[in-house]
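A look at the structure
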Amino acid sequence: MFLDTLADHCRNQPDKVAIQFVNSPPITYGALQSTVNRTAHELLALGIQPGDRIAVQLPKCMPFIYLHLAAAQIGAIFLPLNPAYPMTELRYFLADSSARILFADRQKQPEIDTILPELPALESLAFIDSADSWEARVASRSSEWSAPLPTDPDQTAMMLYTSGTTSRPKGALISHGNLTANIRALHRAWGWRDDDVLLHVLPIFHVHGLVVALHGALHAGASTFALPAFDAAAALELLCSRRFSVFMGVPTMHRRLHQLAGGRRFDLSHLRLMTSGSDRLPDDLFFGYQKTFNVTLLERYGMTETGMNLSNPLNGERRVGSVGKPLPGVSARVVDPATDTPMPDGEVGEVQISGAHVCMGYWQQPQLTAAALTADGWLRTGDMGLREPDGYYTLKGRAKDLIITGGLNVYPPEVELVLMEHPAVAACAVIGCPDEEWGEQVLAAIIPRGGADADEAEICAFCRGQLAPYKAPRRVIFVDELPANALGKIQKAKLRADICG
Ligand code: MLC
């Protein structure tokens, strides 16, 4: 399991730097293990049992990482939450998961107090000021751990919420076996090494930043240098410093780095691996990176429910516009989504995935879990694509109604539900308009309610009160009607063509 490998590194190279946050002292593997062990004892003292959900809504910081690893160590389920979620969303996640405890930023305490009466399952709250305060809190606990680490590959390690086209967000259950399968596959494919140094700029409440990047480095016994948030200028300076060998980003980050270069050339070819994922890498950025940075970005494809599925090769052709081939241990196929029948190479269908990395389903949602899988156990990704005769896959859009903005998924129905609560909205449709920096921007087309005062800024602010900022529409346009088919279903493709061009 992934914890065993980490324990080996902590034992064998205790003095090596595991993680360092900018402007903070380095944390060695030995110190990491000690504080994780202390944190695990603290969780047990708080009454946390195997299988309990531990919700964590913290900025990117060491206590988040300690809690994640300690939760896995005691067999509890780690539930990371975006710090940008407003209280309405936080309340939903805590209630749906029946989380037993929430770790949150001290600054959020007054707001969180207001939702507590609606959360009977939440027994404890812990507010954290800083990494130092966490270390002080657990200092009296033992730094040793003698109990066995979880051995059941089906034991749930994490629950990651992902929105749905027809439902409220649902918690994907990621097991210890899923994490282990993922990280082993990536190590083989990307040649992770213990002398790698990762520049980590991603959020850590998602698969990309937590599993692909952080677990990747920890599993290799490598060192991670972390920025608490992405900052293009700081990242470019660090990348030029020749201290790093690995960097991972979403296309919006790569776009900002490329724009920052402003036509100047920087040779970053000393980095042995620079990856792009979470959204399609535009062709011009792929070529722009080659010209500006002397780097061929490695594009890969994954999702919350699976971690990583497909990847361009470390050695060999990194094909522009393609997400590469299945990772070791991953099976992929392209099917007719109506019948689940495999399609010939070159024809577009739904990409389906199977392997030990595919999550075990959705928390307390047996129907949604069943619907996500075919009769013979393949995961329906909802992404359309084709397989070329030489085995490379290319994605060609989405079967589901989904917007990806800055590497984050936004499900229009979730935004439409909020919009419909606004008194000035009679009907609405939310779409993604193409955008150079963000990939797509969220736009709402609204039919105003007769007589009501409709105001773009006010409607955007209304949504921000109830949704994380990245989900809220950036633009609102008012229309007299929305294009619908004979059954009354809004034709989003036509709307997109009419509005976004
Ligand atoms: C921030 N904003 C966004 C946004 N991120 N709006 C739309 N989409 C986003 N993704 C808002 C802010 O709230 C702010 O609004 C405004 O945009 C500008 O903020 P910023 O400071 O310029 O943005 P920044 O904080 O720098 O964030 C941009 C970003 C961030 C690209 C660094 O979005 C990010 O870290 N994205 C990575 C997401 C990720 O890790 N995805 C992986 C998912 S896992 P205002 O109006 O308040 O100013 C997955 C599986 C897989 O998908 O395969 O990897």
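Look above for the structure.
Residues numbered from 1 in each chain as written. Predicted model: local features only at pLDDT ≥ 70, side-chain atom pairs only at ≥ 80, totals over all residues. Heavy atoms only, no water.

Turning to the overall build of the chain, a few remarks are in order. Looking only at helices and strands, the chain has 15 helices and 25 strands in total. Relative to the 2.2 N^0.38 estimate, which gives 23 Å for 501 residues, the radius of gyration of the chain is 23 Å and therefore close to what a compact globule would have. The C-alpha extent of the chain, read off along each of the three principal axes, is 65 × 55 × 50 Å. Taking all 501 residues of the chain together, the buried fraction comes to 56%. Nonlocal contacts in the chain, meaning residues at least 24 apart in sequence, comprise 67% of its contacts between residues at least 6 apart. (Helix = DSSP H or I, 4+ residues; strand = E, 2+ residues; numbered from the N terminus. Rg over C-alpha atoms; globule rule 2.2 N^0.38 Å. Buried < 20%, exposed > 50% of the residue type's maximum accessible area, 1.4 Å probe, protein only. Contact = heavy atoms within 4.5 Å.)

A few words now on the state of the cysteines. Summed over the entire model, instances satisfying the criterion amount to 1 disulfide. Not engaged in a disulfide, the cysteine Cys 10 finds its nearest cysteine sulfur in Cys 61; these two sulfurs lie 19 Å apart. No disulfide involves Cys 463; its sulfur sits 6.7 Å from the nearest other cysteine sulfur, which is in Cys 460. (Disulfide = S-S within 2.5 Å.)

What follows concerns the packing of aromatic side chains. By the definition in use, this model includes 10 aromatic pairs. Measuring from centroid to centroid gives 4.7 Å for Tyr 85 and Phe 93, while their planes differ by 40°, and the two rings are tilted. There is no split in this pair, since Tyr 85 and Phe 93 are both buried. Where Tyr 289 meets Phe 293, the ring centres are 4.7 Å apart and the plane angle is 65°; that geometry is what we call edge-to-face. Of the two residues, Tyr 289 and Phe 293 are both situated in helix H11 (residues 283-293); the distance of 4 residues between them amounts to about one turn of the helix. Since its relative accessible area comes to 0%, Phe 293 is described here as buried. Members of the aromatic cluster, joined through ring pairs, are Tyr 85, Tyr 92, Phe 93 and Tyr 161. Above the face of the Phe 225 ring, Arg 243 is positioned so that its terminal group lies 4.7 Å from the ring centre. Geometry around Tyr 392 places Arg 319 over its ring, the cationic atom sitting 3.8 Å from the centre. (Phe/Tyr/Trp six-rings, centres within 6.5 Å; stacked < 30°, edge-to-face > 60°. Lys NZ or Arg CZ within 6 Å of the ring centre and 35° of its normal.)

What follows deals with the nonpolar core. One finds Leu 32, Phe 103 and Leu 257 to be the most contacted residues of the largest nonpolar core, which totals 112 residues. With near-sequence residues (within four places) excluded, Leu 32 lies in contact with Leu 6, Ala 18, Ile 19, Ile 27, Met 62, Tyr 66, Leu 69 and Leu 218. If you look at the next biggest cluster of nonpolar residues, it comprises 42 residues, including Tyr 161, Trp 363, Leu 408 and Cys 428. (Core = buried A, V, L, I, M, F, W, Y, C linked by side-chain atoms within 4.5 Å.)

Looking now at the site of the ligand. Inspection of the region around the ligand gives 23 residues, with Arg 256, Ser 278, Arg 300, Thr 405 and Arg 464 positioned closest. Contacts to the ligand include Gly 407, whose backbone N or O atom sits 2.9 Å from a nitrogen atom. Arg 474 places a side-chain nitrogen or oxygen 3.1 Å from an oxygen atom of the ligand. Calculation on the ligand without its partners gives an accessible area of 1000 Å², and the protein chains cover 73% of this total. For the shell around the ligand, the elements supplying multiple residues, two or more each, are helix H10 (251-261) and strand E13 (298-303). (Near = heavy atom within 4 Å. Polar contact = N/O pair within 3.5 Å; in protein donor to acceptor, adjacent residues only side chain to side chain. Areas by Shrake-Rupley, 256 points an atom, 1.4 Å probe, with all protein chains shown as cover.)

In this section: the packing of helix H9 (residues 232-240) against H10. At their nearest, the axes of H9 and H10 sit 9 Å apart, and the two run at 75° to each other. The angle between H9 and H10 places the two elements in the roughly perpendicular class. Facing Ala 232, Ala 233, Ala 235, Leu 236 and Leu 239 of H9, the residues of H10 in contact are Arg 256, Leu 257 and Leu 260. Taken together, the residues that form the contact of H9 with H10 break down as 7 nonpolar, no polar and 1 charged. (Axes fitted to C-alpha atoms, helices over the stretch in contact; angles between N-to-C directions. Parallel < 35°, antiparallel > 145°, perpendicular 65-115°, else oblique. Nonpolar A, V, L, I, M, F, W, Y, C, P; charged D, E, K, R; others polar.)

Charged atoms that come close allow side chains of opposite charge to pair. Counting across every chain of the model gives 25 salt bridges. For Asp 8, the salt bridge goes to Arg 11, with nearest N and O atoms at 2.5 Å. Linking Asp 8 with Arg 11, this pair stays in helix H1 (residues 2-12), spanning 3 residues, or about one helical turn. Judged by its relative accessible area of 32%, Asp 8 falls in the partly exposed class. What makes Arg 11 exposed here is its relative accessible area of 57%. For Asp 195, the salt bridge goes to Arg 193, with nearest N and O atoms at 3.0 Å. Residue Asp 195 is classed as partly exposed on the basis of its relative accessible area, which comes to 48%. (Salt bridge = Lys/Arg side-chain N within 4 Å of Asp/Glu carboxyl O.)

This paragraph deals with the side chain of Ser 175. Among the structural elements, Ser 175 can be located in strand E8 (residues 170-175). Engagement of the side chain of Ser 175 in a polar contact is seen with the backbone oxygen of Pro 153, the distance being 3.0 Å.

Structurally, the position occupied by Tyr 393 is in strand E20 (residues 393-398). Given the relative accessible area of 2%, Tyr 393 is considered buried. Taking the C-alpha atoms as reference points, Tyr 393 and Gly 346, 47 residues apart in sequence, are found 9.3 Å from one another. Those residues within four positions of Tyr 393 in sequence are excluded, and the remaining contacts are Leu 310, Ser 322, Val 323, Gly 324, Pro 326, Ala 332, Arg 333, Val 334, Leu 386 and Arg 387.

Taking strand neighbours across the sheet as the criterion, the 5 strands line up as E17-E16-E18-E19-E20 in an open arrangement whose pairing is antiparallel. Each edge of the open sheet is held by one strand with a lone partner, namely strand E17 (341-342) and E20. Both strand E18 (residues 349-354) and strand E19 (residues 379-387) contribute to a ladder of 4 bridges, which runs antiparallel. Within E19, the position partnered with Ile 353 by the bridge is Leu 379. (Pairing = 2+ DSSP bridges.)

What follows covers the sheet that holds strand E11 (residues 246-249). Ordered by their spatial adjacency, 9 strands build an open sheet running E2-E1-E10-E9-E11-E12-E13-E14-E15, and the pairing between neighbours is mixed. Each edge of the sheet is formed by a strand with only one pairing partner; in this case those strands are strand E2 (27-28) and strand E15 (325-326). In the packing of helix H3 (residues 62-73) onto the sheet, the strands contacted are strand E1 (17-21) and E2, and the crossing angle to E1 comes to about 140°.

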